[in-house]
Amino acid sequence: MADLSTTLAGVSLPNVFFNASGVWCQHVEELEAMLSSEAGSLITKSATYEPRQGNPSPRYVPLPGLGSINSMGLPNEGYEYYLEYARKFDYSQAKPLFISLSGLSLADNVKMVEAFVAADLPCILEVNFSCPNVPGKPQLGYDVEAMDNALATLAPLIKKPFGIKLPPYFDIAHFDQVAAVINKYANLAFVTCVNSVGNGLAIDFETETALIKPKDGFGGLGGTMILHTALANVNAFYRRCPNKQVIGVGGVTSGKEAFLHILAGASAVQIGTQLKEEGTELFARLNKELSDIMKQKGYASINDFRGKVKTL
């Protein structure tokens, strides 16, 4: 098998694959299933300061051949649940632990960050600036000034290398503006691109009814239909942030899409919709498929082709 190992934020991963925060990661049992799988790492559900039930159901629906629509609304067990999991985690095994934080305010993020810093654990923090499904709470990632202000507060508190999860951007000027902010913070080690494409609407043709309940049917789009948006964001930040790393998320159903994410510049690849539909057995298949592609193309490691997409 080809060498699928990688590094993120200074830690080694046995392979490039793990879950996108939100899938197979809300409860300890799911996290343990991730740990037992052939994934290279795992990340927890985005935690808020207090536990949340999230939005009413139905709030996730697969869209065959396209991907999925969801408006989960950040259901999670509260940050103390994931802090306790991090305290008990066996850091001697090969898979590093990433912790996702998604405070509903900067003050909440500060309190959660301070708690993890005080615990002094080897886990890596990722701050989610991009949940599109909490009614009344706009995505911080679309307010460049507010994101800069948040990072000016959080980066010195965290001290160690950390990452942020970003929404998809669609304008070259926005890539430039966000990259300029990212590049200001030395310990901001990676960006995760992308969260779901916010506020799509899926309608059942026969019943003439929206497929999900929250927000009058509006929800985040994921899976195959967002692959090319995700690749553009990965490559845009790979090019603009040479001292940062990128985690690619969006549209990965096989080793082929994972290869494209890495070719665009990703150092690791997270899976959401396909993991939700297929389960953790997915990771064994992806490892084999990516390894086979690399052998066919003559690549021994991901560094042989990462970021080397050709342009006309």
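Scroll up for the structure.
It should be emphasised that the depicted structure is a prediction, and the values quoted were computed from it without experimental measurement.

Peer 1: Go over the pattern of salt bridges with me, naming the residues and quoting the values.
Peer 2: In the structure shown here, the tally under the stated rule is nine salt bridges. Across the pair glutamate 84 and arginine 87 runs a salt bridge, and its minimum N-O distance is 3.7 Å. Taken together, the positions of glutamate 84 and arginine 87, both in helix α2 (residues 79-88) and three residues apart, correspond to about one turn of that helix. The salt bridge involving aspartate 292 is made with lysine 288; its shortest N-O contact spans 2.8 Å.

Peer 1: With reference to specific residues and values, describe a nonpolar patch on the surface.
Peer 2: The grouping of Leu201, Ile203 and Phe218 at the surface amounts to a nonpolar patch, some 270 Å² of accessible area in total. Mapped onto the elements, phenylalanine 218 comes out in strand β14 (residues 218-222).

Peer 1: I'd like a description of α2, backed by residues and values.
Peer 2: Helical periodicity: at 3.6 residues per turn, an α-helix aligns residues three or four positions apart in one direction. Along α2, the residues that are buried comprise Tyr79, Tyr82, Leu83, Tyr85 and Ala86. Down the axis of α2, the buried set is contained in an arc of 160°. They therefore lie on one face. Turned more than 90 degrees from where α2 packs its buried face, Glu80 and Lys88 sit exposed. Where α2 is buried, its residues contact α1 (28-36), β4 (42-43), β7 (97-101) and α3 (106-119).

Peer 1: Tell me about the nonpolar core, residues and numbers included.
Peer 2: Residues Ile164, Leu166 and Phe237 are the most contacted members of the largest nonpolar core, which totals 85 residues. The contacts of phenylalanine 237, once residues within four sequence positions are left out, are Leu166, Tyr169, Phe175, Val178, Ala179, Ile182, Val191, Cys193 and Val246. Grouped together as the second largest cluster of nonpolar side chains are 13 residues, Ala9, Leu13, Phe98 and Ala189 included.

Peer 1: If you had to explain the packing of α3 against helix α4 (residues 144-158) to someone new, which residues and values would you point to?
Peer 2: Interhelical geometry of α3 versus α4 gives an angle of 10° and a closest axis separation of 10 Å. Judged by the inter-axis angle, α3 sits roughly parallel to α4. Side by side, α3 and α4 meet where Leu106, Asn109, Val110, Val113, Glu114 and Val117 of the first sit next to Ala150, Thr153, Leu154, Leu157 and Ile158 of the second. By residue class, the composition of the contact of α3 with α4 is eight nonpolar, two polar and one charged.

Peer 1: Talk me through the pairing of β7; I want residue IDs and the actual numbers.
Peer 2: Burial analysis of β7 places five of its five residues in the buried class, which makes it a mostly covered element. The alternating pattern of β7 places Leu97, Ile99 and Leu101 and Phe98 and Ser100 on opposite faces, both of which are buried. Of the pairings in the sheet, the one linking β4 to β7 comprises two bridges and is parallel in character. Counterpart to leucine 42 in the pairing with β7 is leucine 97. Sheet topology places β7 next to strand β8 (residues 124-128); four bridges connect them, and they run parallel. Pairing of serine 100 across the sheet is with glutamate 126, part of β8. Once the chain exits β7 it traverses α3 before rejoining the sheet at β8, and the crossover so formed is right-handed.

Conventions used here
Residues numbered from 1 in each chain as written. Predicted model: local features only at pLDDT ≥ 70, side-chain atom pairs only at ≥ 80, totals over all residues. Heavy atoms only, no water. Salt bridge = Lys/Arg side-chain N within 4 Å of Asp/Glu carboxyl O. Helix = DSSP H or I, 4+ residues; strand = E, 2+ residues; numbered from the N terminus. Patch = residues over 30% accessible without salt bridge, like charges linked within 9 Å, V, L, I, M, F, W, Y side chains within 5 Å. Areas by Shrake-Rupley, 256 points an atom, 1.4 Å probe, with all protein chains shown as cover. Buried < 20%, exposed > 50% of the residue type's maximum accessible area, 1.4 Å probe, protein only. Arc of directions from axis to C-beta. Contact = heavy atoms within 4.5 Å. Core = buried A, V, L, I, M, F, W, Y, C linked by side-chain atoms within 4.5 Å. Axes fitted to C-alpha atoms, helices over the stretch in contact; angles between N-to-C directions. Parallel < 35°, antiparallel > 145°, perpendicular 65-115°, else oblique. Nonpolar A, V, L, I, M, F, W, Y, C, P; charged D, E, K, R; others polar. Pairing = 2+ DSSP bridges. Right-handed = clockwise from strand over helix to strand, strands pointing away.

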